[in-house]
Amino acid sequence: MKVLIIGGPGYIGRHVVKALMANGHKVTVFDNLSSGLLQNLFPQNDFIYGSILNKEELDCAFDRGFDAFIHLAAFKAAGESMIKPEKYSVNNITGTLNILNSAVEHNCLKMVFSSSAAIFGEPEYCPIDEDHPKNPTNYYGFTKLEIERFMTWYDTLKGLKFVSLRYFNAAGYDPEGVVCGLEKNPANLLPIIMEVACGVREKICIYGNDYPTRDGTCIRDYIHVSDLADAHAKALNFLEKENTSIKLNLGTGNGISVTEMVETARRLTGKEIKAEYVDRRAGDPAQLTASAKKAEEVLGWKPKYSDVDTLITSTYKAYTKSLNK
């Protein structure tokens, strides 16, 4: 398939590009490089510089003619979204509507969307399946849920078929070491741990140690980014064969606490990794773990790299390689 990846130079996008190319797809990347890195694009990738907030630039991209597109261009920092909701409204909601409108106008009616477990909010039960109530506790999660609702309407009204992939916590780096460019200004746990381990920052702040969990810190379901990338390739195959829309959770079903992640990183890296407990952050649920049985049944997808040791060692290798250049 001829595929447009919006947000392709970003952390998840660069791994998705690699997976799609391995599956024989022709990939074009669209991005404004606000957080993505050109160094992670492959020579055979066409690159279009543009913003999802500029409808004309999106139209120029879709004018090239694509069989499908993947939307990875949303802002993703849950904590920041509670402080700057206007930023997330403009980029995530307005930007997505620009994408949807441009896509349907150019008859590109197959879409894979980077959704999030943040749409569920505080879990009523774990592991969380696709039918779990959706009550986001942060504004980022709200924007992702609204986008899913927009896509459902565009399916009904415009024939847009989509696979919405609800990631739990993306982590890790390409085990083969091909993709190793680091995120700009990371906000997620494992990159911050690695910055402390590599001396880029002094310490990690752990937000809250009084949650109703086994050690008082938040528990999350970490899914390796290469496993997420494989799910995108399988989602495109699903759309090509079935031409129907579906929403799927992507996770392992296993929860790791923040403290456990820090302690395991200390063991595997041999670094001290200074950590300090601070007050809770608004909008953080105590625990999120996934049921991904539906993705296994529908896509034939199962995580291969998402054990905690691989998550940490693959990330540490990427950081030491990049920082020692």
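Residues numbered from 1 in each chain as written. Predicted model: local features only at pLDDT ≥ 70, side-chain atom pairs only at ≥ 80, totals over all residues. Heavy atoms only, no water.

## A look at the overall build of the protein chain
Filter applied, for reference: A run of H or I in DSSP counts as a helix once it spans at least four residues, and a run of E counts as a strand once it spans at least two, with each numbered from the N terminus. In this setup the radius of gyration rests on C-alpha atoms only. A globule is expected at 2.2 Å times the number of residues raised to 0.38. In this scheme, a residue with accessible area under 20% of its type's maximum is buried, one over 50% is exposed, and one in between is partly exposed, where area comes from a 1.4 Å probe on protein chains only. For the accessible areas, the method is Shrake-Rupley and the probe is 1.4 Å, while residue cover comes only from the protein chains on display. His is not counted, nor are the chain ends, whereas Lys and Arg count as positive and Asp and Glu as negative. One atom stands in for each charge, and that atom is NZ of Lys, CZ of Arg, CG of Asp or CD of Glu.
Across its full length, the protein chain holds 10 helices and 14 strands. For a compact globule of 325 residues, the expected C-alpha radius of gyration is about 20 Å, and the protein chain comes in at 19 Å, within 12% of that figure. In terms of overall dimensions, the protein chain has a C-alpha envelope of 55 × 45 × 40 Å along the principal axes. In the protein chain, which comprises 325 residues, the share counted as buried stands at 55%. Of the roughly 13600 Å² of accessible surface on the protein chain, a fraction of 47% belongs to carbon and sulfur atoms. Side chains of the protein chain give 37 positive and 40 negative charges; the mean places of these two sets differ by 3 Å.

## Some remarks on the nonpolar core
Formally: Joining through side-chain atoms within 4.5 Å is the link that ties buried Ala, Val, Leu, Ile, Met, Phe, Trp, Tyr and Cys residues into a set, and such a set is a nonpolar core. Whether two residues are in contact is decided by their heavy atoms, any of which lying within 4.5 Å being enough.
In this structure, Ile5, Ile12, Leu20, Ile70, Leu165 and Ile193 are the most contacted members of the largest nonpolar core, which totals 65 residues. Residue contributions to this core peak at nine residues, all from helix 7 (residues 225–242). Ile70 has contacts with Val3, Leu4, Ile5, Ile6, Val16, Leu20, Val112, His232 and Leu236, leaving out every residue within four places of it along the chain. Grouped together as the second largest cluster of nonpolar side chains are 23 residues, Leu58, Ala61, Ala73 and Phe162 included.

## Considerations on the pairing of strand 8 (residues 204–207)
In plain terms, the rule: By the convention used here, strands pair only if DSSP detects at least 2 bridges between them.
Here strand 8 shows a buried face lined by Ile204 and Ile206 and an unburied face lined by Cys205 and Tyr207. Examined bridge by bridge, strand 8 and strand 13 (residues 275–278) share four bridges and lie parallel to one another. Bridge assignment links Ile204 to a residue of strand 13, and that residue is Ala275.

## Some thoughts on the pairing of strand 6 (residues 161–167)
It is a general feature of regular strands that their side chains alternate between the two faces of the sheet. Applied cut-off: A crossover counts as right-handed when, viewed with the strands pointing away from the observer, the path leading from the first strand over the helix to the second turns clockwise.
The element strand 6 is largely enclosed, with a buried count of seven among its seven residues. Pairing between strand 5 (residues 110–116) and strand 6: seven bridges, direction parallel. Within strand 6, the residue paired with Ser116 across the bridge is Tyr167. Assessed by its sense of winding, the connection that carries the chain from strand 5 through helix 5 (residues 139–158) to strand 6 is right-handed. Bridging between strand 6 and strand 11 (residues 246–250) involves five bridges; their strand directions are parallel. Across the sheet, residue Val163 finds its bridge partner in strand 11, namely Ile246.

## Points about the packing of aromatic side chains
To keep it simple, the criterion reads: Any pair of Phe, Tyr and Trp rings, taking the six-membered ring for Trp, is counted once the centres come within 6.5 Å. Such a pair is stacked with planes under 30 degrees apart, edge-to-face with planes over 60 apart, and tilted for the rest. We call a charge positioned over a ring when the NZ of a Lys or the CZ of an Arg lies within 6 Å of the ring centre and within 35 degrees of the ring normal.
One pass over the structure, following the stated rule, counts six aromatic pairs. The interplanar angle of 55° and the centroid separation of 5.3 Å between the aromatic rings of Tyr11 and Tyr173 together place this pair among those described as tilted. A residue pair is termed long-range when its members are at least 10 positions apart, and Tyr11 in helix 1 (residues 11–22) and Tyr173 in the loop between strand 7 (169–171) and helix 6 (189–197) qualify at 162 residues. Tyr173 matches Tyr11 in its accessibility class, with the two residues each being buried. Following the ring pairs from residue to residue traces out a cluster consisting of Tyr11, Tyr173 and Tyr319. The aromatic ring of Phe75 is capped on one face by Lys87, whose charged end is 4.8 Å from the ring centroid.

## Re the environment of His71
Stated precisely, the cut-off is as follows: Pairs of N or O atoms within 3.5 Å make up the polar contacts considered here, provided that, within protein, one atom can donate a hydrogen while the other can accept it, and that residues adjacent in sequence are counted only when both atoms are side-chain atoms.
Among the structural elements, His71 can be located in strand 4 (residues 68–71). A distance of 2.8 Å separates polar atoms of two side chains, one belonging to His71 and the other to Thr96.

## Re the state of the cysteines
Basically, it comes down to this: Cysteine sulfur atoms are paired as a disulfide whenever they come within 2.5 Å of each other.
If you walk through the whole model with that rule in mind, you get zero disulfides. Cys60 carries a free sulfur, and the closest cysteine sulfur to it, the one in Cys108, is 15 Å from it. Given a relative accessible area of 53%, Cys60 falls into the exposed group.

The quantities given are spatial measurements derived from coordinates; they are silent on function.
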